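# Inside the fold
If you want the building blocks of each chain, they are given just below.
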Amino acid sequence: MAEASQIPMPVPAPRMSRVLDAVLDRGPALAAVAGLLLLWQGVVWYFEVPEYMAPSPIAVLGAFQDNAGTLWLNFWPTFFEAALGFVAGNLVAILLAIWFVHNTTAERAFFPIAVFINTIPIIALAPVLVLIFGNGFAPKIIIAGLICFFPTLVNMVRGLKAVSPATLDLMRVLSASNWEIFWKVRLQSSLPFLFAALKIASTTCVIGAIVAEWIGSNFGLGALIIEATFNFRSPLLYATVFTAALLAVVMFALVSFAEAKFIRWKTSDVH
């Protein structure tokens, strides 16, 4: 009877099975990328497109191999600028959003200023910052931060306010302090909004850093793009663009990973 009443323990799926499931899950995307590369190679070969206009994928791959040191050397400044701009811009936006939610006068006073700053094209603001701060890292980080700032501010304010009045009334009946209401209710309601903005910011911060490097810089992926364009080195140009895109994809993946882990932890903590 004891043996019959035992509940069988679940057997974990083999590692190879999980790997196969992951590959099958990404199969359509991998197939689409492979198809686009084959189409690109076929068009360049069939129409005999000059390399300086549109190099083939094989030529771009050769540029990666021949200029690996140059690409790696210019990758790190752009990554440094984008990452610091991402952290600084989003941190300021989150702090301002918290202030706005708890102080409506501050929101009415400073939110229009944030909107006005956001309406200024980054390509027009970049030369001003370069004139003020020089050609170092500072203007690139500021521009990367500015391009991240406004979407996070708007989403964070909306998320912090996305709490039902009934929930707020219940917390006040329970004599919860403003800090307890913020930590246990407002912050958790804002997480989906916040991570949606962070996903956008993870890619736009790379754009901001590269645009800033176009204005005035001797290093970074943006400067390498300008140099390759002026010298008609199209394979290197495409390789640099793909490197910048890969940086944005990696940052997006890191934010998505953090979202899955952090929101899961918050959910389990609530229950």
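Before any of the text, the structure's been laid out above.
Residues numbered from 1 in each chain as written. Predicted model: local features only at pLDDT ≥ 70, side-chain atom pairs only at ≥ 80, totals over all residues. Heavy atoms only, no water.

### Some thoughts on the packing of helix H6 (residues 122-133) against helix H7 (residues 137-161)
Quick note on the threshold: In this analysis, axes come from line fits to C-alpha atoms, helices being fitted only over the stretch in contact, and the angle between any two N-to-C directions falls in the range 0 to 180 degrees. Helix numbering and strand numbering both begin at the N terminus, where a helix is a DSSP run of H or I of at least 4 residues and a strand a DSSP run of E of at least 2. Rotating anticlockwise by less than a right angle from the far helix to the near helix defines a left-handed crossing, while the corresponding clockwise rotation defines a right-handed one. Only heavy atoms enter the contact rule, under which two residues are in contact if any of them lie within 4.5 Å. Polarity classes work like this: nonpolar for Ala, Val, Leu, Ile, Met, Phe, Trp, Tyr, Cys and Pro, charged for Asp, Glu, Lys and Arg, and polar for all others, with Gly in that last group.
The interhelical angle for the contact between H6 and H7, taken along N-to-C directions, is 145°, at an axis separation of 9 Å. When you trace H6 past H7, the crossing you get is right-handed. Across the interface between the two elements, Ile 122, Leu 125, Ala 126, Leu 129, Val 130 and Phe 133 from H6 touch Ala 138, Pro 139, Ile 142, Ile 143, Leu 146 and Ile 147 from H7. Among the residues making up the contact of H6 with H7, the classes are represented as 12 nonpolar, no polar and no charged.

### Some points on the side chain of Arg 186
For the record, the criterion: Note on classification: 1.4 Å probe, protein chains only; a residue is buried when its accessible area is under 20% of the maximum for its type, exposed when over 50%, partly exposed between these limits.
Along the chain, Arg 186 falls in helix H9 (residues 178-215). The exposure class of Arg 186 is buried, given its relative accessible area of 14%. In this structure Arg 186 touches Val 101, Gly 159, Leu 160, Lys 161, Val 163, Leu 168 and Ile 181, once residues within four positions along its chain are discounted.

### Observations regarding the pattern of salt bridges
Put simply, the rule is: Any carboxyl oxygen of Asp or Glu that lies within 4 Å of a side-chain nitrogen of Lys or Arg is treated as forming a salt bridge with it.
Taken as a whole and assessed by the stated rule, the structure comprises 2 salt bridges. The partner of Glu 107 in a salt bridge is Lys 161, with the nearest N and O atoms 3.0 Å apart. Of the two residues, Glu 107 sits in helix H5 (residues 104-119) while Lys 161 sits in helix H7, which places them 54 residues apart along the sequence. The closest approach of N and O atoms between Glu 259 and Lys 199, which form a salt bridge, is 2.7 Å. Within this pair, whereas Glu 259 is found in helix H11 (residues 234-270), its partner Lys 199 is found in helix H9, the two being separated by 60 residues in sequence. Owing to a relative accessible area of 23%, Lys 199 belongs among the partly exposed residues under this scheme.

### Thoughts on the packing of aromatic side chains
This is how the line gets drawn: Geometry of aromatic contacts follows a simple scheme: Phe, Tyr and Trp rings, the Trp one being its six-membered ring, pair when their centres are within 6.5 Å, and the pair is stacked under 30 degrees between planes, edge-to-face over 60, tilted otherwise.
Taken as a whole and judged by the stated rule, the model has 17 aromatic pairs. Residues Phe 80 and Phe 137 carry aromatic rings whose centres are separated by 5.0 Å and whose planes lie at 70° to one another, so their mutual orientation is edge-to-face. With a gap of 57 residues between them, Phe 80 in helix H4 (residues 68-102) and Phe 137 in helix H7 connect regions that are remote in the sequence. Centre to centre, the rings of Phe 195 and Phe 262 are 6.3 Å apart; their planes meet at 50°, and the pair counts as tilted. On the criterion of sequence distance, the pair formed by Phe 195 in helix H9 and Phe 262 in helix H11 is long-range, its members being 67 residues apart. The buried category is assigned to Phe 195, whose relative accessible area is 7%.

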